[in-house]
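# Summary of the model geometry
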Amino acid sequence: LPPLPKDAPIGPLQDDKFSRYSGVTMFKELPLSKRTQDGLKRANFSKMTDIQRASLPHSLCGRDILGAAKTGSGKTLAFIIPIVEKLYKERWGSEDGVGGIIISPTRELAGQLFDVLKTVGKFHNFSAGLLIGGRKEVEMEKEHVNALNILVCTPGRLLQHMDETPNFDCSQLQVLVLDEADRILDVGFKKTLNAIVAQLPKRRQTLLFSATQTKSIQDLARLSLKDPEYISVHEDA
Ligand code: ADP
Ligand code: MG
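Keep in mind that what you see is a predicted model, and the values were worked out from it rather than measured. Every chain is numbered on its own, with residues counted from 1 as its sequence reads. Following the order in which they are written, the chains are lettered starting with A and the ligands numbered starting with 1. Predicted model: local features are reported for residues with pLDDT of at least 70 only, side-chain atom pairs are reported and counted for 80 or more only, and whole-chain, interface and lining totals are derived from all residues.

## Considerations on the environment of Gln-174
The test is simple: A run of DSSP states H or I qualifies as a helix once it reaches four residues; a run of E qualifies as a strand once it reaches two. Both are numbered from the N-terminal end. The contact criterion used is a C-beta to C-beta distance within 7 Å, with each C-beta placed from the backbone.
Residue position: Gln-174 is located in the loop between helix H7 (155-164) and strand S5 (175-179). Along the backbone, Gln-174 and Lys-202 are 28 residues apart, and their C-alpha atoms lie at a distance of 9.7 Å. Discounting residues that sit within four places of it in the chain, Gln-174 has contacts with Lys-86, Leu-87, Glu-90, Gly-99, Gly-100, Arg-204 and Gln-205.

Listed below in structure tokens is the structure:
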């Protein structure tokens, strides 16, 4: 066969589902569940930001994402929507355990993510928990953590539960998110993150978002990313 021209539509563009939604600008044009659409509507989110428009058609198809966009560009919805939709499509229920994990570098950011998850996920039936240490006693969390479907956590507290909480089970995890990924992949969290990832199933969707593009091949190997979609947008302020 002759080699493909450099700009040939290989990979994602051949995916019928992706190409169908690659040009849309409004959330209501995306193939989202009514529950998610209602959550977005209630929070007055109607038009997608650039990073949402560029990444959601890929992430909703189940692809791994490496997304970069500056602070304030709307990265949170770009990973919360795919998690919620994936679990909804899988008919995830209270018996199914942990299906989504969002890791945040700080307690404060984790708290903000959790609020967005509660807003957009308002009409879904998933249980979600904020595991950040400090606020609640870890012993109390241990009694509930096995019943949660979506965890929003800091690396240290997640690993603590993996190590200490009896029957804590992430083996069915569907989607892993690293928010502010460049900070989580930084040396300070290296050991913790490696220990976490070692306990997660390799067959999962992984979404990495940060203000700067994470390109370290080593980091991507550590996270077992599968043919990730690199998305970098620079929005006008
Ligand atoms: P980032 O994580 O990229 O810094 P956030 O996800 O925190 O950005 O979003 C920044 C602000 O933009 C938040 O106040 C959020 O509610 C708002 N926002 C996000 N997406 C949209 C949207 N599609 N339409 C309107 N506002 C949005
Ligand atoms: Mg953010």
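## Structural notes on the site of ligand 1
Our working rule: Any residue whose C-beta atom, as placed from the backbone, lies within 6 Å of a molecule or strand is termed near it. Gly counts as polar in this scheme, as do all residues outside two lists: the nonpolar Ala, Val, Leu, Ile, Met, Phe, Trp, Tyr, Cys and Pro, and the charged Asp, Glu, Lys and Arg.
Every one of the 13 residues lining ligand 1 counts as a neighbour, but Thr-71, Ser-73, Gly-74, Lys-75 and Thr-76 are closest to it. A per-element tally of the shell around ligand 1 places helix H4 (residues 75-89) first, with 3 residues. Taken together, the residues of the shell around ligand 1 sort by class into 4 nonpolar, 7 polar and 2 charged.

## A word on the UniProt feature "short sequence motif: Q motif" (unreviewed entry) in the protein chain
Short version of the rule: UniProt positions are given in the numbering used here, feature names are shortened, and annotations may be inferred rather than shown by experiment.
According to UniProt, the positions carrying the feature "short sequence motif: Q motif" (unreviewed entry) are residues 25-53. Across residues 25-53, helical content stands at 45% and strand content at 0%; the span's end C-alpha atoms are separated by 6 Å.

## Thoughts on the sheet that holds S5
Condition: Strands are labelled as partners when DSSP assigns at least two bridges between them. Working convention: axes come from line fits to C-alpha atoms, limited for helices to the stretch in contact. Angles between N-to-C directions cover 0 to 180 degrees.
Here 7 strands make up an open sheet; going across it, the order is S3-S4-S2-S5-S6-S1-S7 and the pairing parallel. With one partner strand each, in any of the chains shown, strand S3 (128-131) and strand S7 (229-232) form the two edges of the open sheet. Strand-to-strand twist in this sheet, taken as the mean axis angle between neighbours without regard to direction, amounts to 10°. Strand direction decides the pairing type here: strand S1 (residues 65-68) and S7, joined by 4 bridges, are parallel. The residue bridging Ala-68 from the neighbouring strand is Ser-232, located in S7. Contacting strand S2 (100-103), S3, strand S4 (150-153) and S5, helix H5 (residues 107-120) crosses the sheet at an angle of about 150° to S4.

## Structural notes on unusual backbone geometry
We apply this condition: With C-beta atoms placed from the backbone, the exposure class of a residue follows from how many other C-beta atoms lie within 10 Å of its own: 20 or more, buried; 12 or fewer, exposed; in between, partly exposed.
One non-glycine residue with positive phi stands out, namely Asn-44, at about 65°. For Asn-44, the position within the fold is in the loop between helix H2 (34-42) and helix H3 (50-59). Positioned with a positive phi, Arg-91 is a non-glycine residue whose angle comes to about 50°. Take Arg-91: it is sitting in the loop between H4 and S2. You can call Arg-91 exposed: it has 7 C-beta atoms within 10 Å.

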